Amino acid sequence: MEFIFSTIKHWSEDHLKSNPFFSKLEYLLVSQPKILNFSWKQGHNFGSSPFFVVSVVFSYLSLTFLLSLTPLPSAGPHLLRPIKVLHSLLLLSFSSLMVLGCCLSILFHAPTLHYIICLPINTYPKGPLFFWAYVFYMSKIYEFMDTLLIILSNSRRRLTFLHLYHHATVVIMCYISLNTSQSMFPAVIITNASVHVIMYYYYLLCALGSRPSWKKRVTDCQITQFFASFGIMVVIFYYHLTGEGCSGIWSWCFDAVFISTLLVLFLDFHSKNYSSNTTKVKDT
């Protein structure tokens, strides 16, 4: 695997950077000074304090609870449809940029594959990879908008425990992972953002009036993502025990518990909603 990564990296440096389009893309998403020199420091960046995370998650859960109990007039489809289209289009675009930016950062700035899987102990969170990790963290806060759209649609039965737990806890996970320079975070960004490209493309089509028949495939991709994450975590733990250690191993433990619970909840969701030929479309 290390040889394959090295070969791809050398080919990318020799061929992609010589291409004007990819060279410009690499500059915009990786080598631009604000991205290249990005650094995460607790209390310095927007959203980097523990108080911010606690406040945001608490406010999200509290407001959701209050709004779910308050009888609100349903926002008509003429108002909601363009908002849903814009919301889905924004998250589809940002998810695509995160995948591309993170992949290019790995190709042009990671010295080895081992570095990506197992960041050295005491790695300082700076550079393009951590810039995209920060964008990923901010995007998870913006995804709270999913819940507001559900409430405004008067579809409160879709406010399941899975939906709220998933949206709230992933913000905490992102914060902890950034703060500890967690080793598996680059892989989490690529896999999760890739799934979100598919998911928000589906939601975009729904908002435009077309309801594709492959909603089940979106949930299948989410479940596959969790199994892939377990595989990555096993490799990180192996490297941590057999080498000099991997950065963010304690946050790795938090992720292991969080992903395990998500997998159980998504499998339960899958069995309840896709056990028959009739597909029930719900947001998670």
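Residues numbered from 1 in each chain as written. Predicted model: local features only at pLDDT ≥ 70, side-chain atom pairs only at ≥ 80, totals over all residues. Heavy atoms only, no water.

Participant: How would you summarise a nonpolar patch on the surface if you had to cite specific residues and measurements?
Facilitator: Nonpolar side chains collect at one region of the surface, where Leu86, Leu90, Phe94, Leu97 and Tyr142 lie side by side and expose about 430 Å² of accessible area between them. Considering every element that reaches the nonpolar patch, the biggest residue donor is helix 5 (residues 77-109), with four residues. Here Leu86 lies in helix 5. (Patch = residues over 30% accessible without salt bridge, like charges linked within 9 Å, V, L, I, M, F, W, Y side chains within 5 Å. Areas by Shrake-Rupley, 256 points an atom, 1.4 Å probe, with all protein chains shown as cover. Salt bridge = Lys/Arg side-chain N within 4 Å of Asp/Glu carboxyl O. Helix = DSSP H or I, 4+ residues; strand = E, 2+ residues; numbered from the N terminus.)

Participant: An account of empty space enclosed by the protein is requested, with residue identities and associated values reported.
Facilitator: The tally for this structure, following the rule as stated, stands at three cavities of 30 Å³ or more. In this structure, the largest cavity encloses a volume near 170 Å³. In terms of lining residues, the largest cavity is bounded by 18 residues, among which Val188, Asn192, Gln225, Phe226 and Leu262 are the most central. Elements with a contribution of two residues or more to the lining of the largest cavity: helix 9 (161-179), helix 10 (185-207), helix 11 (215-242) and helix 12 (249-273). Of the residues that constitute the lining of the largest cavity, the class distribution is 11 nonpolar, six polar and one charged. Considered as a void within the structure, the second largest cavity measures approximately 60 Å³ in volume. The wall of the second largest cavity is formed by Cys102, Leu119, Leu129, Phe130, Ala133, Gln182, Phe185, Pro186 and Ile189. For the lining of the second largest cavity, the elements supplying multiple residues, two or more each, are helix 7 (128-142) and helix 10. When its residues are assigned to classes, the lining of the second largest cavity shows eight nonpolar, one polar and no charged. (1 Å grid on protein atoms, 1.4 Å probe; cavity = no way out; pocket = protein on both sides within 12 Å on 5 of 7 lines; lining within 4 Å. Points joined across faces, edges and corners; volume = space filled by probe spheres on them. Nonpolar A, V, L, I, M, F, W, Y, C, P; charged D, E, K, R; others polar.)

Participant: Give me the lowdown on the packing of helix 7 against helix 10, citing residues and values where you can.
Facilitator: It is the contact of helix 7 with helix 10, at a shortest axis distance of 10 Å, that shows an interaxial angle of 45 degrees. Between helix 7 and helix 10, the interaxial angle falls into the category oblique. For helix 7 against helix 10, the interelement crossing comes out left-handed. Here helix 7 contributes Leu129, Trp132, Ala133, Phe136 and Lys140 to the contact with helix 10, which in turn contributes Phe185, Pro186, Val188, Ile189, Asn192 and His196. Of the residues belonging to the contact of helix 7 with helix 10, the class tally is eight nonpolar, two polar and one charged. (Axes fitted to C-alpha atoms, helices over the stretch in contact; angles between N-to-C directions. Parallel < 35°, antiparallel > 145°, perpendicular 65-115°, else oblique. Left-handed = near helix turned anticlockwise from the far one by under 90°. Contact = heavy atoms within 4.5 Å.)

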